[in-house]
Every structure is written in structure tokens, then in C-alpha cells.
Amino acid sequence: MGRLPRGVCRLMLALGMVSQAQAQATETCQLQGRWWQSGQAVTADAVLNLAAQRPVVLLGERHDAMEHHRWQLHTLAGLYAHESDMVIGLEMLPREAQPVLEGWVAGELSEDAFLEQSDWQEAWGFDPELYWPILHFARLNRIPLKALNITPALRQRMASEEVDHIPAEQRHGIPAPRPANDAYRTYLEEVFDQHAMGQENPNMLERFIQAQLSWDVAMAQGLADATQGSALTVGLMGLGHVVHGHGVAHQLEGLGIQDTFSLLPWELEECVLPDPALSDAIFILPTPMPDASS
């Protein structure tokens, strides 16, 4: 049975023409294109007005998903309408690329020059076409962009050495991370097991966890620095750094920012809603239209 209009579905349920499970699935699918918060549908204005009052908002993404980046752009525009004093933080580039981001926002660089000078392909590698609309949005509105990431070499160094033994200028002043809570540690152990290719060396597991925590705290510190001017600071980063508040939000708490607001996009699978505890609010993405060429 295809998806039915909500009113029709309820009538058919009352008449015993569809099952409770079919009715629930249909009503769930009607939530596509809407915000989901605390187990109920809410308006975009309600979510974005609340988010814009927080010092830091995290927008998760699957890096290779165009729909996620379209959602990010629309959410950024909505937040900007509520609070135009904004900074956008990017996981995509390390601290060394900060002058390039400033040159881009100032209108001093072409797209080709931006990619070359930021070393985009080496530093990030995902198709820049996914990110151009967001980068142009920032440039059009002169919204500062902030590089949040660190190089893999520094991340590994922070994972294997005592952070305080690394000169502050070599680690951009990034502090030692807070320990992972139990739930995050379990999640990271599962990720490690999936990619460790049979390696059971506990030292490698600990280095992996510390590298992830260093990644999280680096982005948290970059976001925290951006809030010093009282701007609304919005961080764009992978879903794993956002879900359940275990990653960057946890590190922000350690830096004194207690009220981070996290938002996620979500694709429905078989019309089953996500766990509301994943983030403060979730946008249910519409099912993509079939490719016209297929």
C-alpha cells in the first residue's frame, strides 16, 4: 500500500481497513520535510528561534550526502535570519587554512584559488561541489568562516604524547581533552572493531580513542574561541561528532559552554523515526526523487 494522506489513513484505521502498523508508518512518512523534537513534530521557527539563542549550534552531516549540505545551507539561512552576528566553523579545514578562509570571505579569491591555497583535496578530499553553496552563502553575507580542524599529524601526536608536553603554539593552544563518557567510549570501541582488521592491540585502541577525543576538543576549542565576541557560532561537522552530545558538545562543556544546541538531518528508513535523543532536534529529510536519467 502506498502512502496515504493523513486524514484518509486515520479514517481507514477507524474502519479497520488498515493495520495500526500501516497507519503509524504512513503518519511517520508524513513528517518528511519537518522538524522532530522530543518525540513530536515542531515548526522550523520554533527550533531555529531556540537554537539562535544558544552560543554554539552544531549541524551534523554525512560528508558525501548532497541533501545533508542542502539542509545545512537552509538551516544556516534560517539561523542567520534570527541572528545575523554569526560565525561558521568548518571541520573541513585545519587551522593552517584560516588565512585562506578569510581571503575567501573578503572576496579576494576565486574558487580555483581557494581550492589550491587551502589544499582542499589533501586536507579534506570530498567533492567541493558539495560545499560551494555554503561557502558562497558565507561570502555573500560576509559571515566569518573559522577552520576548526587540525592536521592528522598533530592529532596523532596529541593521541600519543602528553598534551601539556607539546608546546602550546604547536597545538594552537588546544587543551587536553575531557575523557570520553562510557557511552561514547563504547561507540568508539565498536567503530575501532569494525576497522581494526583483526588487530586486538589495546594500545592501538587507546590511541584511536585519544585521537578521536583530540579531534573533538580541537573543534570544540575553535568554536569556543569564536564565541568570545558573543557571535552565534555554528559548527559544521560529521554526524559522529554530534550524535548524543558525546563528542564536541561534551568537550565544549569542559571548556565552560554548557548549552550547546545540536541539529541533525535524517533519512527515514521504512518510515521509522530516529531516536529523539540523538540531538536537540532532527530534520526529517524528504525521500529523494528518482534520478531522471535512470
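Below you will find a few notes about this structure. (Residues numbered from 1 in each chain as written. Predicted model: local features only at pLDDT ≥ 70, side-chain atom pairs only at ≥ 80, totals over all residues. Heavy atoms only, no water.)

What to know about the environment of Ala-51
Item 1. Relative to the helices and strands, Ala-51 resides in helix 3 (residues 44–51).
Item 2. Separated by 32 residues in sequence, Ala-51 and Glu-83 have C-alpha atoms that sit 9.9 Å apart.
Item 3. In this view, Ala-51 contacts Val-57, Leu-79, Leu-232 and Phe-261; residues no more than four positions away in its chain are not counted. (Helix = DSSP H or I, 4+ residues; strand = E, 2+ residues; numbered from the N terminus. Contact = heavy atoms within 4.5 Å.)

Some points on the pattern of salt bridges
Item 1. Counting across every chain of the model gives 7 salt bridges.
Item 2. For Arg-62, the salt bridge identified is with Asp-64, shortest N-O distance 3.3 Å.
Item 3. With a relative accessible area of 39%, Arg-62 lands in the partly exposed category.
Item 4. Of the charged contacts in the structure, one is a salt bridge between Glu-189 and Arg-185, with a shortest N-O distance of 3.3 Å. You can see Glu-189 and its partner Arg-185 sitting in helix 10 (residues 182–195), 4 residues apart, about one turn around the helix. (Salt bridge = Lys/Arg side-chain N within 4 Å of Asp/Glu carboxyl O. Buried < 20%, exposed > 50% of the residue type's maximum accessible area, 1.4 Å probe, protein only.)

Re the sheet that holds strand 2 (residues 40–42)
Item 1. Read across the open sheet, the 8 strands follow the order 2-1-8-7-3-6-4-5; overall the sheet is mixed. At either margin of the open sheet sits one strand with a lone partner, and together these are strand 2 and strand 5 (145–149). Taking each pair of neighbouring strands and ignoring which way they run, the sheet shows an average axis angle of 30°.
Item 2. Relative to strand 6 (residues 232–238), strand 4 (residues 86–94) runs parallel, the two being bridged by 5 bridges. Its bridge partner lying in strand 6, Gly-89 is registered against Gly-235.
Item 3. Across the sheet, helix 11 (residues 202–226) is in contact with strand 3 (56–61), strand 4, strand 5 and strand 6; its angle to strand 5 comes to roughly 155°. (Pairing = 2+ DSSP bridges. Axes fitted to C-alpha atoms, helices over the stretch in contact; angles between N-to-C directions.)

Observations concerning the state of the cysteines
Item 1. What the rule picks out here adds up to 1 disulfide.
Item 2. What pairs with Cys-29 in a disulfide is Cys-271, and their sulfur atoms sit 1.5 Å apart. In this structure, the disulfide formed by Cys-29 and Cys-271 twists by about -55° around the S-S bond and is classed as left-handed. Here Cys-29, found in helix 2 (residues 20–29), pairs with Cys-271, found in the loop between strand 7 (261–267) and strand 8 (281–285); they are 242 residues apart in sequence, far enough to count as distant. Of the two residues, Cys-29 and Cys-271, both sit in the buried class. (Disulfide = S-S within 2.5 Å.)

Some thoughts on helix 6 (residues 111–118)
Item 1. Taken as a whole, helix 6 has its buried residues at Ala-113, Phe-114 and Ser-118. Seen end-on, helix 6 carries its buried residues on one side only, within an arc spanning 115°. Turned more than 90 degrees away from the buried face of helix 6 sit Asp-112 and Glu-116, all of them exposed.
Item 2. Check the buried side of helix 6 and you find it contacts strand 4, helix 5 (98–105), helix 7 (120–123) and helix 8 (132–140).
Item 3. Once helix 6 ends, the next one or two residues include Asp-119, with phi positive near 55°. (Arc of directions from axis to C-beta.)

Observations concerning unusual backbone geometry
Item 1. A positive phi angle is found at Asp-119, which is not glycine, with a value near 55°.
Item 2. Inspection of the secondary structure assignment puts Asp-119 in the loop between helix 6 and helix 7.
Item 3. The exposure class of Asp-119 is partly exposed, given its relative accessible area of 41%.
Item 4. The phi dihedral of His-244 falls on the positive side, at around 60°, and the residue is not glycine.
Item 5. Turning to its location among the elements, His-244 is positioned in the loop between strand 6 and helix 12 (248–254).

A closer look at the packing of helix 6 against helix 8
Item 1. Contact geometry of helix 6 with helix 8 gives a least axis separation of 13 Å together with a crossing angle of 105°. The orientation of helix 6 relative to helix 8 falls into the category roughly perpendicular. Contacts from Glu-111, Phe-114 and Leu-115 of helix 6 reach helix 8 at Trp-132, Leu-135 and His-136.
Item 2. Its residues placed into classes, the contact of helix 6 with helix 8 shows 4 nonpolar, 1 polar and 1 charged. (Parallel < 35°, antiparallel > 145°, perpendicular 65-115°, else oblique. Nonpolar A, V, L, I, M, F, W, Y, C, P; charged D, E, K, R; others polar.)

A closer look at the packing of aromatic side chains
Item 1. With the rule as written, the count across this model stands at 11 aromatic pairs.
Item 2. With a centroid separation of 5.4 Å and 70° between ring planes, the pair formed by Trp-35 and Phe-283 is classed as edge-to-face. Here Phe-283 lies in strand 8 and Trp-35 lies in strand 1 (residues 34–37), a separation of 248 residues in the sequence. For the pair Trp-35 and Phe-283, a shared accessibility class is recorded, and that class is buried.
Item 3. Here Phe-192 and Phe-208 contribute two aromatic rings whose centre-to-centre distance is 5.7 Å and whose plane-to-plane angle is 45°, an arrangement assigned as tilted. You can see Phe-192 sitting in helix 10 and its partner Phe-208 sitting in helix 11, a full 16 residues away along the chain.
Item 4. Ring pairs connect the aromatic residues Trp-104, Phe-114, Trp-120, Tyr-131 and Trp-132, which therefore count as one cluster.
Item 5. Over the face of the ring belonging to Trp-104 we find Arg-139, whose NZ or CZ atom lies 4.0 Å from the ring centre.
Item 6. Looking at Arg-155, its charged tip hangs above the ring of Trp-215, at a distance of 4.0 Å from the centre. (Phe/Tyr/Trp six-rings, centres within 6.5 Å; stacked < 30°, edge-to-face > 60°. Lys NZ or Arg CZ within 6 Å of the ring centre and 35° of its normal.)

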